Amino acid sequence: MSPRVEREGLPAWLEPVRDAAETVRPEQLSRFLPPAEGGRPSAVLMLFGEGPAGPDLLLIERARSLRSHAGQSSFPGGALDPEDGDPHGAGPVAAALREAWEETGLDPSGVQVFAALPALYIPVSSFVVTPVLGWWRRESPVAPVDQAETGAVFRVPIADLVDPANRARLKHPSGHTGPAFAVAGRLVWGFTAGVIDRVLHHSGLERPWDTSRTLSLSDEAIDLVQGSRARSSALLRDAAAGT
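Residues numbered from 1 in each chain as written. Predicted model: local features only at pLDDT ≥ 70, side-chain atom pairs only at ≥ 80, totals over all residues. Heavy atoms only, no water.

> Which parts of the structure should I look at to understand the overall build of the protein?
Secondary structure assignment for the protein yields 6 helices and 12 strands. Scored against the burial criterion, the 243 residues of the protein give a buried share of 49%. Of all intrachain contacts in the protein linking residues separated by at least 6 positions in sequence, the fraction that spans at least 24 positions is 67%. Per element, the accessible surface of the protein, about 11400 Å² overall, is 52% carbon and sulfur. (Helix = DSSP H or I, 4+ residues; strand = E, 2+ residues; numbered from the N terminus. Buried < 20%, exposed > 50% of the residue type's maximum accessible area, 1.4 Å probe, protein only. Contact = heavy atoms within 4.5 Å. Areas by Shrake-Rupley, 256 points an atom, 1.4 Å probe, with all protein chains shown as cover.)

See the structure below:
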């Protein structure tokens, strides 16, 4: 049975996220949009829940042994498999739930998919990524299923994501600058941070923050900061001081 999108029955705090997802345009989310042809269809699960600290978001940390994106915080997700179905239909929803199950052990039957964002593009990998939004209405235990693929599974309170003290912009060695969050003892950046930033903004959950606060990190420094709450906090303090 193909997973369905159910927009009703959400907690009140999540309704603005649903409404924004239903109306936002691709160019409001990213300047990297899918090409007319080509690209590898994929999907990620942006899963909202109610944790001990209130509304939160489920993220994973990629294993540090991986060739690409090693140690990077991200949404669960990956490329569509043939059995997931039509990339322009139910395929991304099926893939997002399947990948979340494979990476975290999440029970997909406890997830209410309530929206999907427009597909976006990651030029460096040629992935055409559909962010699928879900409400964790019946929670299940989660943990890394395969340590060679997933280093950690963690939940980040929405209150921490919108806290101005935890926000900055990060200038990658490639020259690209994008949002970053110092949360849960990790530095969340790249595609994942970009999607979180835009969803918070367009849903009205964002709090004013200093967008001039910029981190300029080398590849080595990015690797060092992963998993270090003290290092992440120190980088944000340095950025705020202009050092």
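So, next bit.
> I tried to follow the environment of Glu99 on my own but got confused; where do I start?
Summarising the element assignment, Glu99 is placed in helix α2 (residues 91-104). Among the residues examined, Glu99 registers a relative accessible area of 11% and is labelled buried. Sequence spacing of Glu99 and Phe75 is 24 residues, and the spatial spacing of their C-alpha atoms is 10.0 Å. With residues near it in sequence (within four places) discarded, Glu99 still touches Gly77, Gly78 and Ala79. Reaching out from Glu99, the side chain makes a polar contact with the side chain of Arg98 at a distance of 3.3 Å. (Polar contact = N/O pair within 3.5 Å; in protein donor to acceptor, adjacent residues only side chain to side chain.)

> So what exactly am I meant to see when it comes to the sheet that holds strand β9 (residues 167-171) here?
Working definition: the strands of a sheet are paired by backbone hydrogen bonds and lie parallel or antiparallel to each other. Spatially, 4 strands are ordered β11-β10-β9-β12 in an open sheet, and the strand pairing comes out mixed. Here the strands that pair on one side only, and so sit at the sheet edges, are β11 (186-188) and β12 (214-216). Recorded for the sheet is a direction-independent mean angle of 40 degrees between the axes of neighbouring strands. Sheet analysis places strand β10 (residues 177-183) next to β11, joined by 3 bridges and oriented antiparallel. Note on β11: the bridge partner recorded for Val183 is Arg186. Packed onto the sheet, helix α4 (residues 190-203) meets β9, β10 and β11 and runs at close to 85 degrees relative to β10. (Pairing = 2+ DSSP bridges. Axes fitted to C-alpha atoms, helices over the stretch in contact; angles between N-to-C directions.)

> What is the right way to read α2 from this model?
The periodicity of an α-helix, 3.6 residues per turn, causes residues three or four positions apart to be oriented the same way. The terminal C-alpha atoms of α2 lie 20 Å apart, and with 14 residues this matches the ideal 20 Å at 1.5 Å per residue to within 8%. Counting buried positions over the 14 residues of α2 gives 12, a clear majority of the element. Turning to α2, its buried residues are Gly91, Pro92, Val93, Ala94, Ala95, Ala96, Leu97, Arg98, Glu99, Ala100, Glu103 and Thr104. Contact partners of the buried residues in α2: β1 (40-51), β2 (54-62), β4 (77-79), β5 (111-116), β7 (127-136) and β8 (150-157). (Expected span 1.5 Å × (residues − 1).)

> I tried to follow the side chain of Thr104 on my own but got confused; where do I start?
Mapping Thr104 onto the fold places it in helix α2. Apart from the residues lying within four places of it in its own chain, the contact partners of Thr104 are Ile60, Pro76, Pro141, Val142, Ala143, Val145 and Val153.

> Would you mind showing me how to read the layout of surface pockets here?
Any empty space left between the atoms is revealed when a probe the size of a water molecule rolls over them. The calculated volume of the second largest pocket comes to roughly 370 Å³. Of all the secondary structure elements, the ones that give two or more residues to the lining of the second largest pocket are β1, α2, β5 and β7. Split by residue class, the lining of the second largest pocket holds 15 nonpolar, 6 polar and 1 charged. (1 Å grid on protein atoms, 1.4 Å probe; cavity = no way out; pocket = protein on both sides within 12 Å on 5 of 7 lines; lining within 4 Å. Points joined across faces, edges and corners; volume = space filled by probe spheres on them. Nonpolar A, V, L, I, M, F, W, Y, C, P; charged D, E, K, R; others polar.)

> What am I meant to see in the pattern of salt bridges here?
Side chains bearing opposite charge may pair, as long as their charged atoms lie close to each other. Under the definition given, this model contains 18 salt bridges. Note that Glu61 is salt-bridged to Arg186, the shortest N-O span being 2.9 Å. You can see Glu61 sitting in strand β2 and its partner Arg186 sitting in strand β11, a full 125 residues away along the chain. Of the two residues, Glu61 and Arg186, neither departs from the other in class, the shared state being buried. (Salt bridge = Lys/Arg side-chain N within 4 Å of Asp/Glu carboxyl O.)

> Just checking my understanding: could you explain empty space enclosed by the protein for this structure?
A full pass over the atoms with the stated rule returns 1 cavity of 30 Å³ or more. Within this model, the largest cavity holds a volume of roughly 40 Å³. In terms of lining, the largest cavity is formed by Val17, Ala20, Ala21, Val24, Leu29, Leu117, Arg198, Val199, His202 and Ser203. Among the secondary structure elements, those contributing two or more residues to the lining of the largest cavity are α1 (15-23) and α4.

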